[in-house]
Structures are given as C-alpha cells and as structure tokens.
Amino acid sequence: MQLIYEKSVAGRRAVRLPKRGDDARPKINPKLLRAQPAALPELSELDVVRHYTELSRRNFSVDTHFYPLGSCTMKYNPKACEVACALPGLSDLHPLWPQLRHGGLLTQGALQLLHETERMLSEICGMAEFTLQPLAGAHGELTGCMIMAAYHRDRGNKKTHILIPDSAHGTNPASAAIGGYDVRTVPSDAQGNMHLDALRAAVNSETAGLMMTCPSTLGLFVDHLTEIADIIHGVDGLMYYDGANLNAILGRVKPGQIGFDLCQLNLHKSFSTPHGGGGPGAGPVGVVEKLRPFLPISRVVKRGDGTFVLDYDAPKSIGYIAPFYGNFGVIVRAYAYLLMLGREGLRETSDAAVLNANYIQEKLRPLLKAVAPGRCMHECVFSGEPLKATGVHTLDLAKGLVDRGIHPPTIYFPLNVPEAIMVEPTESESRETLDTFVQTVAELVALAQRDPDALHRAPVTMPVGRLDEVAAAKNMDLVFKPANAK
Ligand SMILES: *Cc1c(COP(=O)(O)O)cnc(C)c1O
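Since this is a predicted model, take the numbers as computed values, not measurements. (Residues numbered from 1 in each chain as written. Predicted model: local features only at pLDDT ≥ 70, side-chain atom pairs only at ≥ 80, totals over all residues. Heavy atoms only, no water.)

Chemist: For this particular structure, what's the right way to read the site of the ligand?
Modeler: Near the ligand there are 14 residues, and of these G137, A138, D242, H268 and K269 occur at the shortest range. Note that an oxygen atom of the ligand is positioned 3.1 Å from one of the side-chain N or O atoms of S71. The fraction of the free accessible surface of the ligand (380 Å²) that becomes covered by protein chains is 84%. Ranked by the residues each element gives to the shell around the ligand, the list is headed by helix α5 (residues 137-155), at three residues. Here the residues of the shell around the ligand sort into three nonpolar, eight polar and three charged. (Near = heavy atom within 4 Å. Polar contact = N/O pair within 3.5 Å; in protein donor to acceptor, adjacent residues only side chain to side chain. Areas by Shrake-Rupley, 256 points an atom, 1.4 Å probe, with all protein chains shown as cover. Helix = DSSP H or I, 4+ residues; strand = E, 2+ residues; numbered from the N terminus. Nonpolar A, V, L, I, M, F, W, Y, C, P; charged D, E, K, R; others polar.)

So this is what it looks like as structure tokens:
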C-alpha cells in the first residue's frame, strides 16, 4: 500500500475556500512566517477518507475479529461506556479548574465520580481504600512496591527482597526491582502451585513481601493461599495480589479477605477500556487499613457537608506517582461499567469468563495438550507439542489462524510450557464464536498432518507474510524519503 505522501498530486485540494483579501489576514510577525509551504501531501477529501479507512481495515481488533489473546483480556467493551467518557461535562474538564466555587460547581461531579469508583473497587476487593492514580498495571505494581517500602521504613524493618513465584506475570519482578528490592523466585510444582517447602526455605526476616499473580499465568487459581499468607505475615511481610485479571474472580473472591494486603487492578482489562498498542490504561491500587497512610497523593475525600475535595495532607504518603487524578477517561469508563452491570452483573461476568475458557479447554483437549488436568479459570493453556512430529510449530498454527480471520492466542508464554498456546476467550463471546474457533483449530491440526508446508507458508491472505521480527525491532524504517529525494 502506498503512503499518503506517495498519493499526493501537486495542487490537489481537499477544501476550497474563498480567497481572503489582505486586510482580512491575521497580522503575523513576518519573521515567524514560513519561507516555503509545509511539505504536506496534497489530496482530495475522498482520497484521504479512503486512505485511512483502508488502513483501519488492515487492523485486527475486537470490533472485527475474535481476539483470544491470553493474559491481555481483549474483550468487547460496551459502547455506552465510550459515550459516558465523551460527555462534554467530563471530557472538557481541565484538571486545574477549582474544585469548589460558586456553590460547588466546576469539578465537584468529577470528584464525586472518582470517590464513588474508589468506594466500589474497595468493596469489590475487600480493601480499605484505593488510589486511582497509577496509569497502568505495571505502574500499579510499582506503586504497591513503593507502599510496601514505606510501610517497612515506618516500622524500622530492614527488608531487602520480595518473593515472586515462577508462575507470576513478567512485570512483577521488574516492578519489584525498580522498587529497590532484590527478587527471589519461588518454584512451582507440576500443578502450577507454589512449593510450600521452597517458600518456607526462602522466607526470612528480610522478606518485604510476596507478589502473586492469581490466577497464575497458567490460568489456575493458586492453592494454599492462607498458609502462604501466614508464612509471609509471620515475618511482617506483605501479601501483594496482581489482580490484572480480576474478571476471573470478580464478585466471587475478595483478595482482602483471603490474606492479601495490597492489590492492583487493570481497569483497561476487566473494566471496559479498549486497549492495545500501549494504552491508555489505569492500574488502581487497593490497600488494607494499616497501609492507608502510605497511599499516594492526592486523595479524594468526602467532607461532612457532602462536598468533595482533593486531600494532600498525608505526611507518610509515598507522594506523587502521576499528575492530577490518574487516567480520568479510563476511570469514567470503569465507573459507567460498574454502574451498568451492578453487583449481579459483575458476578455473571466472571462466571461467563471462566465457563468460556473451560468450554474451549475441554473442546481442544483431544487436539492439543491441555496443561491443566482439571478446571481452569478465565484462560486455558495448551502445549503444541503433539504437533511437533508433523514439523508444525505453535507459531505456524498461530499464522494459520490469522489467515482464517482469528487473532492468534498468546504463544510461547508462559515460558515454562513448551510450545505454549494461551487462550483467553473472555466473557463477551458467544457460543457460536467459540465453536468457530474450536472448529478452525481442528481444521488446522488436520492440515498439519496432511500438508504441513501449507502452514509453514501462512499467512498468505495478509498484506505482509512472515516478518523478520528482529529486523523489524532493531532496524526500524520510520522516515519517509520521497522517491526524488537527494
Ligand atoms: C497485563 C498484566 C500486567 C501488566 O499490565 P499493564 O497495564 O500492561 O502494565 C500485569 N500483571 C498481569 C497478570 C497482567 O495480565
């Protein structure tokens, strides 16, 4: 496909406006005027519309394709939440507007919305209070590690390391390290559960806490949580819950009630913000009562007269971790989503997410090697090893799915599963879509036996085939050079 610059025709215009006389021109200091017109492409309006519409149709998106990308929760988000976010009263707000003036106008509504979202998330997770400031899941994890450090400093505890199971999400060890801690890995057993003896051996008085992804990256709920929490609390350590995939347990389990002291949520995964390509996101962090003093500033508080203000008076706070109130638009969508679904609806969300994943797991069990012997949570993990004898790898299977209009699942992750394929159907897909996916995988497995090279050639229906991914990342070609450039 040509770049828009290559489609340019000298003199072509998108709009034609009457010429203005010199008197009507704004008076601009001549020193600031361009000597030459900007080198913009020259096209008709129709050329521009077709160009960008054509580009947009080359995307895989939840609005156009099934997108079972494990761990990422690429689910459908109701358009009503987008409408709420775009309301001029919310989207036109400026964060520096006064909070209270003229009888409580201006930002009172926005502050109330933030406060009510914070209260709902606290109830959902069984936490004392949330901060809505963090701008992504990993940013929430870092905030959590900073809160842990502030707690231990305040208590005079000498803590040097954070324990992380080998089944954790990859951002956990990165966040702990940036938070200033050494990372010690705790191995899992064959079922993906933490080795309790290994945990006991690793814990000592310098353990700041444990970060746990639950369900784990194998899509399984972790057993022995209360024993694990007792071991960590025994050395005044803190239990951190990575709740990025809360749609697995929403309305069923409250992390604060099963021994966790802090947790982060990914609003852009579980609570209705379309995401991908790096943002936007929000990773609110909830804490139990004893960690409240360390939450970042500002915090929205409700005063006795019913008005809301931003409170900066928190001497033990870890301070600022984001400008203003966090990613306000993402929080508005989450607020709309929470109110739309209500208590019952939220619970049905996790029921459907888990049911859909188990449906796919059982349908594909005869074709690929399911990692979990029993039930999974919101995602299911397979190994593509049974196909190896045909010379077809997980990557080939993924490319075959692309040709058949399905976004591939996450592949080669988790790392401890050879030829891993990680499927997260999400709660919003219909039975028909799940059946189409299963049928398509079955056809590809049959094709692997019959004509493995057909899969080695895939994808053949896309604008580009297989990329040299290293070159694509290392030798990026981002600068347009016109054909006649010197
Ligand atoms: C997605 C995810 C993260 C990271 O979230 P970002 O918003 O991408 O920073 C962390 N933990 C788990 C379990 C996740 O699935």
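Chemist: Just checking my understanding: could you explain the nonpolar core for this structure?
Modeler: Taken as a class, soluble globular proteins show a tendency for nonpolar side chains to be buried jointly. With 83 residues, the main nonpolar core has L199 and F271 as its most contacted residues. The leading source of residues in this core is helix α10 (residues 328-364), at eleven residues. What F271 contacts, discounting residues up to four positions off in sequence, is K75, L121, L246, L250, L265, N266, R333, A334, Y337, L338 and L346. In this structure, C376, V417, L444 and V445 belong to the second largest nonpolar core, which totals 33 residues. (Core = buried A, V, L, I, M, F, W, Y, C linked by side-chain atoms within 4.5 Å. Buried < 20%, exposed > 50% of the residue type's maximum accessible area, 1.4 Å probe, protein only. Contact = heavy atoms within 4.5 Å.)

Chemist: Just checking my understanding: could you explain the environment of Y67 for this structure?
Modeler: Relative to the helices and strands, Y67 is located in the loop between α1 (45-56) and α2 (79-86). Owing to a relative accessible area of 14%, Y67 belongs among the buried residues under this scheme. Here the alpha-carbon distance between Y67 and P409, two residues 342 residues apart in the chain, equals 7.2 Å. With residues near it in sequence (within four places) discarded, Y67 still touches F60, S61, V62, M74, H407 and E424. Of note is the side chain of Y67, whose polar atom sits 3.4 Å from the side chain of H407.

Chemist: Please clarify how α5 should be interpreted in this entry.
Modeler: Since there are 3.6 residues in each turn of an α-helix, residues three or four apart along the chain are aligned in direction. Here α5 contains 19 residues, and its C-alpha end-to-end distance of 27 Å stays within 8% of the 27 Å for a straight helix at 1.5 Å per residue. Burial analysis of α5 places 14 of its 19 residues in the buried class, which makes it a mostly covered element. Backbone geometry just after α5 places G156 at a positive phi near 75°. (Expected span 1.5 Å × (residues − 1).)

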